[in-house]
Amino acid sequence: MAIQLMQGNTAIGYGAIAAGCRFFAGYPITPSTEVAELMARELPRLGGKFIQMEDEIASMAAVIGASIGGLKSMTATSGPGFSLMQENIGYACMTEVPCVVVNVQRLGPSTGGPTSASQGDMLQARWGTHGDHQIIALSPVSVRQAFDLTVAAFNLSEKFRTPVLLMADEIIGHMREPVELPDFARVPRQDRIVCESPADYIPYRNAPGDVPPMANFGTGYRYHVTGLYHDPMGFPTSRLDEIDPWIERINRKFDDHLDEIILVDEDTMDGARLALVSYGASARSARHALKLARQKGMRISMLTLLTIWPFAEKAIERLAGQVDRILVPEMNRGQIALEVERIAGRNRVQRINRANGEMVTPQMILNAIEADL
Amino acid sequence: MSTESHLVNEPETGMDPLPAEDWFESSETLQKLRKHKKFPTIWCSGCGIGIVMGALIRAIDHLGLDADNVALVSGIGCTARMPVYMDFNTLHTTHGRALAFATGLKIARPNLHVIAIMGDGDATAIGGNHFIHAARRNIGITTIIVNNNIYGMTGGQYSPTTPHDARATTAPYGNLEYPMPISELAITAGATYVARSTVYHAMELDKYIRDAIQKDGFSLVEAVSYCHTTYGRLNKLGTAADMLGAIKENSLSRQAFEKLTPQEQAMNAKVVRGVLHNIDTRVEFTRAYEKLVESLEQGVEN
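Quick caveat, the model's predicted, so the values are computed rather than measured.

1. Some remarks on helix H11 (residues 313-322) of chain A
Residues and elements named next belong to chain A.
Reasoning step 1: Looking only at H11, the buried set comprises Ala-315, Ile-316 and Leu-319. For H11, the arc enclosing every buried residue in end-on projection is 95°, short of the 170-degree limit, so these residues lie on one face. Facing away from the buried surface of H11 by more than 90 degrees, the exposed residues are Glu-317 and Gly-321.
Reasoning step 2: Where H11 is buried, its residues touch strand S11 (264-267), strand S12 (274-278), strand S13 (300-305), strand S15 (325-330) and helix H12 (336-344).

Dropping the structure here:
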């Protein structure tokens, strides 16, 4: 494909289409609406379906319903809508229904700043729905990566039967960059795992790899799906001998595949005493500051987190073994820094925060680097 | 009909009851229940919800629908537990959201018979917005609302259909609010088929549910029921049998209602049973969408 000047939100929409998304339900909200507009225009041309629901609660519900019906499904929203979606995101975790939720983060809390950038929902992504659960969340740094990580989000969601959150931000969503998208037909796609025959089908069995194949409704597999704790047949249970193995399996399916789920970009330098850890739009500023600092002859490493959850503990441990100090720039009051501090030790981590809707600038980061060295 | 009675009643003849296996084997209708699983139901003995489940199964059976092609979607509450007992594609979702989940499923699989099953609180309080918009959109979902005027599962709190002045655990001095007319709301919002009957009139429910399933657009059957365990106890209305009898006394057919004088109609406090609305002037949503997809395939754009 030719090089195009493209917005992040557009790249997210095309990434979804390339990944095989054929259902979108959403509700208008700044700064994510361009995703819905693109899907409304493009999906019916591909035989896919778009619907504008009455609110974000309904959008999330419709996405899960369509996924159970067999279509790869997505919604896109921002803070207020993301809050409304939380209960049903938990339902998708509990019932193991693949789907993708895009949050183009804006300044919060509450109505906050609709066109102001933020990374304020990073911990909500981890713990926003009630109950102990695992989740996958990705965060793109560029327009092209918005495309790639949307594809990755769909593939991970199908492979591990889980909702995947694409945690973009207003800057990535609205920024335009020249990009060259790959041929959609050549994009690697994880399709739904094929089930055994209906007679042998046990919807929540302890399958190898801990991800049971998912049968689509209306294809001859009649089974029960519920948000209650359920036995391997999908029926509600309160028996500990059925609940405990289920809890173990649904955690193991993440814990045993962290290498596959966790994507990072490591830019290390021998002899560096200091490292930057960042993600999303903040990582752009960090990369720029890194370049300026290296030009001045400073030795600095950088780790960009592309997968936010599950957290890249091993990569942080590696980094902490190489450097003395870690700086964590982010557009909040220090959310991912908490995780870095947990692994590297609090006295080795310095937060660089801006939580007023504006970017952490390269100069802010450079100043912090110079003050630290 | 006689076989279903075994579900709730012991045989009165003094004979030993049939083993459970034989009940199921004896009837094709009963085989639409999940025979090895989840019986007895969670419902209190004497509850009206089982009557609605019986009517739904008979309706599906009568229409000869392929069980693989039927999906039951519910939310949370006593009524929402209904799908787990029946051998179809069954989806037990979050409180109030059955119609929103059902909307996604129906759009993904337009040929599936999608039936949403809700109670009054589930459908009209927490799920009220989805109820209005599913009707407005005219999406081809058959909706069954069991209206027992109370939140039963949580122990008897007032719902949007609890009558004014009636008692509930959260209305210990009587309900200050006024009830929501479920069927009338659906008609106003754009439903294309709306019928109402009661759990006393089980055969009527059979017929209305059959008609509703066959309707292309958004259809609603409101099944007026009772909750003797909470509402009945709090309002001193007697046993399940007493309440079932009262439902009979406190309802009249649409034909009888139409014979009343305008003044009598205005004063009427009884449940009006019948087909309240049946129109063909609105295109069902998934059909409209499929037409759009076809026209785009042919390169036609508005």
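2. Regarding the domain arrangement of chain A
Residues and elements named next belong to chain A.
Reasoning step 1: When the domains of chain A are assigned, the result is domain 1 (3-186), domain 2 (198-259) and domain 3 (265-372).
Reasoning step 2: Between the C-alpha centres of domain 1 and domain 3 there is a distance of 26 Å.
Reasoning step 3: Of all elements in the fold, only strand S6 (113-117), helix H5 (122-127), strand S7 (136-138), strand S8 (163-169) and helix H7 (170-174) reach the threshold of two or more residues within the side of domain 1 that touches domain 3.
Reasoning step 4: The leading source of residues in the side of domain 1 that touches domain 3 is H5, at four residues.
Reasoning step 5: Its residues placed into classes, the side of domain 1 that touches domain 3 shows 14 nonpolar, seven polar and two charged.

3. Side note on the sheet that holds strand S10 (residues 271-278) of chain B
Reasoning step 1: Pairing is mixed in the open sheet, where nine strands are placed in the order S10(A)-S2(B)-S1(B)-S3(B)-S4(B)-S8(B)-S7(B)-S10(B)-S9(B). Both edges of this open sheet fall to strand S10 (224-226) of chain A together with strand S9 (251-253) of chain B, since each of them pairs with a single strand only. In this sheet, adjacent strand axes meet at a mean angle of 20° when their direction is disregarded.
Reasoning step 2: When strand S1 (residues 70-74) of chain B meets strand S3 (residues 113-119) of chain B, the two strands line up parallel, connected through five bridges. Among the inter-strand pairings, Val-73 of chain B is bridged to a residue of S3 of chain B, identified as Ala-116 of chain B.
Reasoning step 3: Across the sheet, helix H4 (residues 98-108) of chain B touches S1, strand S2 (89-92), S3 and strand S4 (141-147) of chain B, and the angle it forms with S3 of chain B is around 175°.

4. Observations regarding unusual backbone geometry
Residue and element names in this part refer to chain A.
Reasoning step 1: With an omega dihedral of 0°, the bond running from Gly-108 to Pro-109 counts as a cis peptide bond.
Reasoning step 2: Following the sequence through the fold, Pro-109 ends up in the loop between strand S5 (99-107) and S6.
Reasoning step 3: Of note, the amide linkage connecting Trp-309 to Pro-310 takes the cis form, showing an omega dihedral of -5°.
Reasoning step 4: Structurally, Pro-310 is set in the loop between strand S14 (307-309) and H11.
Reasoning step 5: Phi at Arg-161 takes a positive value of approximately 50°, unusual for a residue other than glycine.
Reasoning step 6: Judged by local crowding, Arg-161 falls into the buried class, with 26 C-beta atoms found within 10 Å.

5. Things to note about the domain arrangement of chain B
Residue and element names in this part refer to chain B.
Reasoning step 1: You can read the domains of chain B as domain 1 (1-32) and domain 2 (44-297).
Reasoning step 2: Computed over C-alpha atoms only, the centres of domain 1 and domain 2 are separated by 27 Å.
Reasoning step 3: Residues of the side of domain 1 that touches domain 2, tallied by class, amount to two nonpolar, one polar and three charged.

6. Let's talk about the pairing of S3 of chain B
All names here are of chain B.
Reasoning step 1: Among the seven residues that make up S3, seven are buried, leaving the element largely enclosed by the rest of the structure.
Reasoning step 2: Side chains of S3 alternate between two faces, with His-113, Ile-115, Ile-117 and Gly-119 and Val-114, Ala-116 and Met-118 buried alike.
Reasoning step 3: Across six bridges, the pairing between S3 and S4 is parallel. Counted as the bridge partner of Met-118 is Ile-145 from S4.

7. Thoughts on the nonpolar core
Reasoning step 1: Within the largest apolar cluster, 193 residues are counted, with the highest numbers of intra-cluster contacts made by Leu-166 of chain A together with Val-52, Ala-71 and Leu-105 of chain B.
Reasoning step 2: Among the elements that line this core, the one with the most residues is helix H6 (residues 143-160) of chain A, at ten residues.
Reasoning step 3: For Leu-105 of chain B, the residues in contact, after removing those within four places along its chain, are Gly-65, Ala-66, Ile-68, Gly-69 and Phe-217 of chain A together with Ala-71, Val-73, Leu-112 and Val-114 of chain B.

8. Structural notes on the interface of chain A and chain B
Reasoning step 1: Facing the 35 residues of chain A at the interface are 33 residues of chain B.
Reasoning step 2: Mapped onto the side of chain A that touches chain B, the elements with two or more residues apiece are strand S2 (21-26), strand S3 (49-52), helix H3 (56-68), helix H4 (79-95) and S10 of chain A.
Reasoning step 3: Here the side of chain A that touches chain B gets nine residues from one element, more than from any other, and that element is H3 of chain A.
Reasoning step 4: Along the lines of polarity and charge, the residues of the side of chain A that touches chain B split into 19 nonpolar, ten polar and six charged.
Reasoning step 5: Sheet topology places S10 of chain A next to S2 of chain B; three bridges connect them, and they run parallel. Its bridge partner being in S2 of chain B, His-224 of chain A is matched across the sheet by Thr-90 of chain B.

9. Let's talk about the sheet that holds S15 of chain A
All names here are of chain A.
Reasoning step 1: The strand order across the open sheet built from five strands is S11-S13-S12-S15-S16, with neighbouring strands paired in mixed fashion. Of all strands in the sheet, those with a lone pairing partner are S11 and strand S16 (349-353), marking the two edges. When the angles between neighbouring strand axes are averaged without regard to direction, this sheet yields 20°.
Reasoning step 2: Here S12 runs beside S13; their pairing, made up of five bridges, is parallel. From the neighbouring strand, Ala-275 faces S13, where its bridge partner is Ser-301.
Reasoning step 3: The strands touched by helix H10 (residues 280-295) within the sheet are S12, S13 and S15, with S13 carrying the most contacts at an inclination of about 165°.
Reasoning step 4: Strand contacts of H11: S11, S12, S13 and S15, with the helix running at about 170° to S13, the strand carrying the most contacts.

Conventions and cut-offs
- Residues numbered from 1 in each chain as written.
- Chains lettered and ligands numbered in written order.
- Predicted model: local features only at pLDDT ≥ 70, side-chain atom pairs only at ≥ 80, totals over all residues.
- Buried ≥ 20, exposed ≤ 12 C-beta atoms within 10 Å, placed from the backbone.
- Helix = DSSP H or I, 4+ residues; strand = E, 2+ residues; numbered from the N terminus.
- Arc of directions from axis to C-beta.
- Contact = placed C-beta atoms within 7 Å.
- Domains from an automatic or database assignment.
- Nonpolar A, V, L, I, M, F, W, Y, C, P; charged D, E, K, R; others polar.
- Pairing = 2+ DSSP bridges.
- Axes fitted to C-alpha atoms, helices over the stretch in contact; angles between N-to-C directions.
- Core = buried A, V, L, I, M, F, W, Y, C linked by C-beta atoms within 7 Å.

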